[in-house]
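# Inside the fold
Residue-level listing of the chains:
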Amino acid sequence: MKTIVAFLTLVAVPAAFAQKFEGLAPTPPMGWNSWNTFEGRISEDLIKEMAEALIASGMQAAGYRTIVIDDGWEAQERDREGNLVPDPARFPSGMKALGDHLHSKGFKFGIHNCAGAKTCAGLPGGRGHEFQDARTYASWGVDYLKYDWCNHGTADAQETYKTMRDGLYAAGRPIVFSICEWGNNKPWLWGKDVGHLWRTTGDIVDCYDCQAVYSMGWKYILESQVGLERYAGPNQWNDPDMLEVGNPGLTLAESRAHFSLWSLLAAPLMAGNDVRKMASGIREILTDPEVIAVDQDPLGKQGYRFMDHPGKQIWAKELSGGEWAVCFFNSGDAPLQLRIDWNHLSFLEGTFRIRDLWRKKDMGRTTAEFRGSVAPHDVILMRLAPVP
Ligand code: GLA
């Protein structure tokens, strides 16, 4: 009898299903997500307006191609057959129609659900419905699934996310799988075989250095990324959470530094602001091609903290072609005067040409000392190219 059961198990879950879709995220995903600004206040009209604003602002052209509808899109209950259905008042046309609309505008269609019995907002979660839900997403044309971790009970994280991975694979539509279990079970150790990115922390909020039980400002998130760089690479990214760039709790300098450091981390760049009402300074940050190129560099290496002194940090990211991005971060509250002898940056071998990415200025070579000043919570971000 035991032999028969073992045989049946093998037949029911062929090894070919036990994998993620390969090659879907060679560089960190970029897009826009509804949660940071709108939480549950979402509708198909809002999503369509945001799509228009992403196009009009140049953000789509800059690379923000995946629109993710976060928690709050569902009806209170599944239908009679156990299928997920959208809230009929706020998404009256249905998710297939919304997906078709986003595709017609050149976007990828992303959606949120949860590995637990209910989502964090108390709506139907995926537990026990993984293969069915994956088929539903495939039928709606979903391209990206963010899968949360609320209400998971005693479930094992790795096994639970693997089940959804297998469901997605069996459904046959390539879908980027974004693991969102907040770093509780060290997903950087197992995530690469399961999804394309994994959250490494609790939730980000729009402040520089505030802290609550499950949420914190970007300064503390940055701190918790130290040492995780070795786990990231093409199709397997650490996700230090979405961007708060442009949200009310950050100054322009804090938004610029947040964006710079997320690019150094090769983080997914998921904007979370109201793109319809974006100030021009914020638009310039979010669409800066040279900073985005640091994040999206094809070598796919996450940067690391090279130096940490009170109020002063240096972060470095190796880029393709022997180039480097170097970020001087003033984490303190007073202006910082910098004097950089490039010889002390031991990862640099040889002489490099220097470009200041935010000031859009070429700054000579690393043979001369660099002097500059950095405002509180701000950065100087440089790209160094080897001199042959
Ligand atoms: C969790 C996630 C957030 C967001 C909310 C939605 O807190 O970490 O990013 O998706 O759930 O309820």
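Residues numbered from 1 in each chain as written. Predicted model: local features only at pLDDT ≥ 70, side-chain atom pairs only at ≥ 80, totals over all residues. Heavy atoms only, no water.

## Side note on the nonpolar core
Counting 83 residues, the largest nonpolar core has W73, Y137, W218, F259 and W262 as the members making the most contacts within it. Looking at this core, the element that brings in the most residues is helix α3 (residues 44-56), giving six residues. Excluding its chain neighbours within four sequence positions, the residues that come into contact with F259 are Y64, L243, V245, L269, I285, L286, V291, I292 and W358. (Core = buried A, V, L, I, M, F, W, Y, C linked by side-chain atoms within 4.5 Å. Buried < 20%, exposed > 50% of the residue type's maximum accessible area, 1.4 Å probe, protein only. Helix = DSSP H or I, 4+ residues; strand = E, 2+ residues; numbered from the N terminus. Contact = heavy atoms within 4.5 Å.)

## Re the packing of aromatic side chains
Inspection of the entire model under this criterion finds 18 aromatic pairs. With 6.2 Å between their ring centres and 45 degrees between their planes, Y161 and F177 make a pair best called tilted. Of the two residues, Y161 is situated in helix α7 (residues 157-171) and F177 in strand β5 (residues 176-179); the sequence distance between them amounts to 16 residues. Both residues of the pair, Y161 and F177, count as buried. These aromatic residues form a ring-pair network of at least three members: Y147, W149, Y161, F177 and W190. (Phe/Tyr/Trp six-rings, centres within 6.5 Å; stacked < 30°, edge-to-face > 60°.)

## A few points about the side chain of E254
Residue placement: E254 occurs in helix α9 (residues 252-264). Buried and unpaired, E254 has K219 as its nearest opposite-charge partner, separated by 9.9 Å. Here T251 takes part through its backbone nitrogen, which lies 3.0 Å from a polar atom of the side chain of E254. Polar side-chain contacts of E254 include one of 2.6 Å to the side chain of H377. Setting aside chain neighbours within four positions, we find E254 in contact with Y208, W218, G249 and H377. (Lys, Arg positive; Asp, Glu negative; His and termini not counted. Salt bridge = Lys/Arg side-chain N within 4 Å of Asp/Glu carboxyl O. Polar contact = N/O pair within 3.5 Å; in protein donor to acceptor, adjacent residues only side chain to side chain.)

## A closer look at the pattern of salt bridges
Within this structure, the stated rule accounts for 26 salt bridges. Linking D241 and R199 is a salt bridge whose minimum nitrogen-to-oxygen distance equals 3.2 Å. Note that D241 is positioned in the loop between β9 (237-239) and α9 and R199 in strand β6 (residues 197-199), a separation of 42 residues in sequence. Like R199, D241 is buried. Within this structure, D288, E290, R355, K360 and D362 form a network of salt bridges that share partners.

## Some remarks on the side chain of S255
Inspection of the secondary structure assignment puts S255 in helix α9. Within the structure, S255 has its side chain in polar contact with the backbone nitrogen of G246 (distance 3.1 Å). Ignoring any residue separated from it by four or fewer positions in sequence, one finds S255 in contact with E244, V245, G246, L250, I282 and I285.

## Concerning the site of the ligand
Around the ligand sit W35, D70, D71, H112, C120, K146, D148, C180, W182, R199, D203 and M242, and those are all the residues in its vicinity. With respect to the ligand, the side chain of D148 contributes an N or O atom lying 2.7 Å from an oxygen atom. Measuring from an oxygen atom of the ligand, one finds a side-chain N or O atom of R199 at 3.2 Å. Contact with the protein chains removes 93% of the 310 Å² of surface that the ligand exposes when unbound. Of the residues belonging to the shell around the ligand, the class tally is five nonpolar, one polar and six charged. (Near = heavy atom within 4 Å. Areas by Shrake-Rupley, 256 points an atom, 1.4 Å probe, with all protein chains shown as cover. Nonpolar A, V, L, I, M, F, W, Y, C, P; charged D, E, K, R; others polar.)

## A short note on the sheet that holds strand β2 (residues 66-69)
Spatially, eight strands are ordered β9-β6-β5-β4-β3-β2-β1-β10 in an open sheet, and the strand pairing comes out parallel. Of all the strands in the sheet, the pair left with one neighbour each is β9 and β10 (269-271). Strand-to-strand twist across the sheet, computed as the mean angle between neighbouring axes with direction ignored, equals 25 degrees. Across two bridges, the pairing between β5 and β6 is parallel. The partner of I179 across the bridge, within β6, is W198. This element, helix α5 (residues 95-104), spans β2 and β3 (108-114) of the sheet and lies at about 140 degrees to β3. (Pairing = 2+ DSSP bridges. Axes fitted to C-alpha atoms, helices over the stretch in contact; angles between N-to-C directions.)

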